[in-house]
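# A structural walkthrough
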Amino acid sequence: MLLYKFLYRFLYHRRSLWLLAICVFAQMHFNQNALSQNTQFERIQLSDQFYSEGGTQGDFDGDGRGDVAVGPWIYFGPSYSEKSRFYAGESVDPLGYSENFLMYTRDVNADRLPDILVLGFPGKQSWWYENPGTGAREQLWTQHVMLDSVDNESPLIADIDGDGLDDLICSSKGSYGYATHAGQQPDALWRFVPISPNNGYQRFTHGLGVGDVNNDGRPDLMEKDGWWQQPVTRNASGGGGEPWTFHAFSFSSGGSQMHAVDLDGDGRNEVVTGLAAHGPGLVYYRATNAEATQFERVDIMTDDPATSPVGLAIGQLHAVEVGDINRDGVPDILTGKRWWAHANKDATNSQPATLLWLEGKRLPDRVGFVPHVIDNSSGVGTQVTMGDVNGDGLIDIVAGIKRGAYLFLQRPSGMPASGVMVAEQQTADSFGQQPAWTTIATEDQSATFVPAIHDRRLNFGFESGDLSDWEIRGSISGGALVEAKPSQEPAGRYLVDTGSSRVDAIGELISRPFKLTHGKVRFWLSGIEDPEARVELIAEESGKAIASATAASQTELVFTEFDVTMAIGQMVRLRVVDHSSTAYLRVDDFRLGD
């Protein structure tokens with residue numbers, strides 16, 4: 001024990017690491033250190049299993065309280081702790097794919113009950129599930145096929161033809177168009193109306209949206225290579241009519257949801273899109289002629305935080321939504337990183353799974369955006385949904401993703417920081433994600449501290465024999481907690497090993513969020529050096545790494561220290577990241593000190 005205390009007090013000079021991740025960008029119009037934090041969200045994790053890449057909300061059991069549906073499960077408000085299935089379905093390995101890509105709530109059969117629409121894996125069927133009313137909690141809902149083949153990775157539900165019935169907009173069998181149940185029973189197969197020639201659009205095409213691009217009062221169809229202008233007289237016969245007029249313009253290489261919305265308040269719509277669903281980039285396009293056939297591109301977020309107008313460079317924006325989140329009359333953007341879209345094969349894979357909203361600000365010459373990070377351990381799927389879940393008039397967020405099911409309730413502006421919106425979830429803390437606001441000194445009199453919640457030290461030394469207070473993801477999950485060798489320091493019984501016996505295992509370990517109360521973060525580290533295998537401290541407010549360390553390709557644990565004095569007072573998380581198929585990490589005993 002004396003040796004242990006000596007090491008903690010004096011050995012840190014062997015390896016003191018600095019990484020300042022909060023940079024000052026001269027070209028930025030907004031100071032991120034002075035961002036308003038008036039709009040806050042309460043994080044409620046509903047599941048840690050992967051069922052779907054989207055989610056929806058509505059009062060599904062008719063009790064007057066908002067509910068959430070993700071995958072086959074409905075989570076019933078106001079506590080969201082009770083749940084029931086509305087269709088049969090099991091969880092999916094996040095290295096694979098769900099048959100449920102997006103979810104919507106509509107009253108399809110006009111019986112005044114909210115039904116749930118599920119848009120399936122690209123190239124396969126999509127369905128709507130009929131709400132039975134009485135007994136909605138106790139039985140599986142009747143499934144009806146809408147369309148046999150739904151292509152594109154961002155199909156959507158909207159009334160594109162203006163007949164008062166919501167349509168399924170997608171590509172199918174090579175053509176863009178929409179499926180409608182006008183003039184027939186909705187439980188029969190919907191009729192597909194092509195609006196383009198058969199151009200051979202394949203099922204994994206990216207980028208799709210509906211909106212009035214040229215401001216003529218009629219919704220148009222947007223895709224990555226241009227937009228299809230809706231004619232004054234539409235053909236609804238299900239085939240044989242003239243295609244809509246196509247205006248070619250390269251909006252992206254293939255993003256996700258596309259939106260036509262008036263960002264700057266001049267009465268003309270801009271086009272909002274991600275540049276690549278599996279890469280970086282978020283932009284809007286401002287029409288430079290009355291016909292909206294030529295556009296000027298305005299970057300919102302780029303691939304480099306040093307040049308990005310919002311100071312962030314988050315990749316894989318596979319879901320993008322637009323709405324007035326803070327109710328100031330200016331449209332905002334909701335997006336985030338899709339985690340492990342193609343397992344571990346995409347760029348930016350080892351970034352935190354960030355969910356954020358971009359607050360629209362109207363400037364004299366353009367629209368600017370202020371970033372607000374909501375969470376760093378969830379992100380988006382192929383969809384992210386905004387709506388008023390609990391009926392308080394505020395915009396909430398629902399996300400079904402490969403990391404589970406999540407609800408983010410917007411907190412009323414006057415609510416104290418210590419207040420909670422769903423006490424049952426706070427008390428249960430089922431997934432170990434409630435923040436730790438205090439610290440408690442360690443028992444060995446080494447002048448070090450451990451974050452604590454409810455007067456309990458967090459399991460930052462892993463001596464509880466499990467991974468409580470941590471979230472673990474990926475193929476490292478099965479054997480990450482191992483018994484330490486007696487000869488190793490520190491002398492604890494357990495440590496985390498991401499794959500010394502199986503270096504191709506990948507994944508990450510993320511701590512419960514905690515308030516950084518001291519200027520040093522100390523721990524033990526060994527492994528094989530690789531930038532994709534690292535330990536980092538993440539700022540919850542920005543999603544950026546405050547400090548990061550890789551192993552120095554040694555087998556013996558080495559005392560390691562972050563000097564993070566500049567970040568004292570921030571809410572942070574520890575991340576042990578191993579996205580390398582040729583490296584591994586062994587880590588133990590995280591502590592705070594001065």
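Here, the structure is the one placed above.
First, a word on what this report is: a plain description of the structure on this page.

Rules behind the numbers
- Residues numbered from 1 in each chain as written.
- Predicted model: local features only at pLDDT ≥ 70, side-chain atom pairs only at ≥ 80, totals over all residues.
- Heavy atoms only, no water.
- Helix = DSSP H or I, 4+ residues; strand = E, 2+ residues; numbered from the N terminus.
- Rg over C-alpha atoms; globule rule 2.2 N^0.38 Å.
- Buried < 20%, exposed > 50% of the residue type's maximum accessible area, 1.4 Å probe, protein only.
- Contact = heavy atoms within 4.5 Å.
- Salt bridge = Lys/Arg side-chain N within 4 Å of Asp/Glu carboxyl O.
- Phe/Tyr/Trp six-rings, centres within 6.5 Å; stacked < 30°, edge-to-face > 60°.
- Core = buried A, V, L, I, M, F, W, Y, C linked by side-chain atoms within 4.5 Å.
- Polar contact = N/O pair within 3.5 Å; in protein donor to acceptor, adjacent residues only side chain to side chain.
- Pairing = 2+ DSSP bridges.
- Axes fitted to C-alpha atoms, helices over the stretch in contact; angles between N-to-C directions.

Further remarks concern the overall build of the protein. Across its full length, the protein carries two helices and 42 strands. Since a compact globule built from 594 residues should have a radius of gyration of about 25 Å, the 25 Å found for the protein is in line with a globular shape. If one aligns the C-alpha atoms of the protein with their principal axes, the spans along those axes are about 85 × 55 × 50 Å. When burial is assessed residue by residue, the protein has 60% of its 594 residues classed as buried. The long-range share in the protein, meaning contacts at least 24 apart out of those at least 6 apart in sequence, stands at 60%.

Working definition: two side chains of opposite charge can pair if their charged atoms are close together. For the coordinates displayed, the defined rule picks out 33 salt bridges. Of the charged contacts, one joins glutamate 82 and arginine 137 as a salt bridge, the two residues approaching to 2.7 Å between their closest N and O atoms. Separated by 55 residues along the polypeptide, glutamate 82 in strand β6 (residues 82-85) and arginine 137 in the loop between β9 (124-130) and β10 (142-158) bring together distant segments of the chain. The salt bridge involving arginine 573 is made with glutamate 540; its shortest N-O contact spans 3.0 Å. With arginine 573 in strand β41 (residues 571-578) and glutamate 540 in the loop between β38 (533-539) and β39 (545-550), the pair connects residues that are 33 residues apart, well separated along the chain. When sorted by exposure, arginine 573 lands in the same class as glutamate 540, which is buried. The structure contains a network of salt bridges with shared partners spanning Arg403, Glu471, Arg473, Glu508, Glu532, Arg534, Glu536 and Arg575.

Turning our eyes to something else, we now look at the packing of aromatic side chains. Tallying each qualifying case throughout the model produces 27 aromatic pairs. Relative to phenylalanine 514, the ring of phenylalanine 460 lies with its centre 5.4 Å away and its plane at 75 degrees, an arrangement referred to as edge-to-face. You can see phenylalanine 460 sitting in the loop between β31 (456-457) and β32 (470-474) and its partner phenylalanine 514 sitting in strand β36 (residues 514-515), a full 54 residues away along the chain. By the ring-pair criterion, three or more aromatic residues cluster together here, those being Phe460, Phe462, Trp470, Phe514, Phe523, Phe562 and Phe590.

The next subject is the nonpolar core. Counting 35 residues, the largest nonpolar core has Phe514, Leu516, Val521, Val535, Leu537, Phe562 and Phe590 as its most contacted members. Filtering out sequence-adjacent residues up to four positions away, valine 535 remains in contact with Phe523, Leu525, Ala547, Ser548, Ala549, Phe562, Arg575, Val576, Leu585, Val587 and Phe590. One finds Leu119, Val193, Tyr201 and Leu208 within the second-largest nonpolar core, a separate group that totals 31 residues.

This paragraph deals with the side chain of glutamine 554. Tracing the chain through its elements places glutamine 554 in strand β40 (residues 554-563). Engagement of the side chain of glutamine 554 in a polar contact is seen with the backbone nitrogen of alanine 552, the distance being 3.2 Å.

On to the sheet that holds strand β2 (residues 41-47). Read from one edge of the open sheet, four strands run β2-β28-β27-β26, paired in antiparallel fashion. Two strands bound the open sheet, and with one partner strand each, they are β2 and β26 (385-387). Strand after strand, the sheet turns through a mean of 20 degrees between neighbouring axes, direction not considered. Pairing analysis gives six bridges linking β2 to strand β28 (residues 404-410), with the strands arranged antiparallel. The partner of arginine 43 across the bridge, within β28, is phenylalanine 408.

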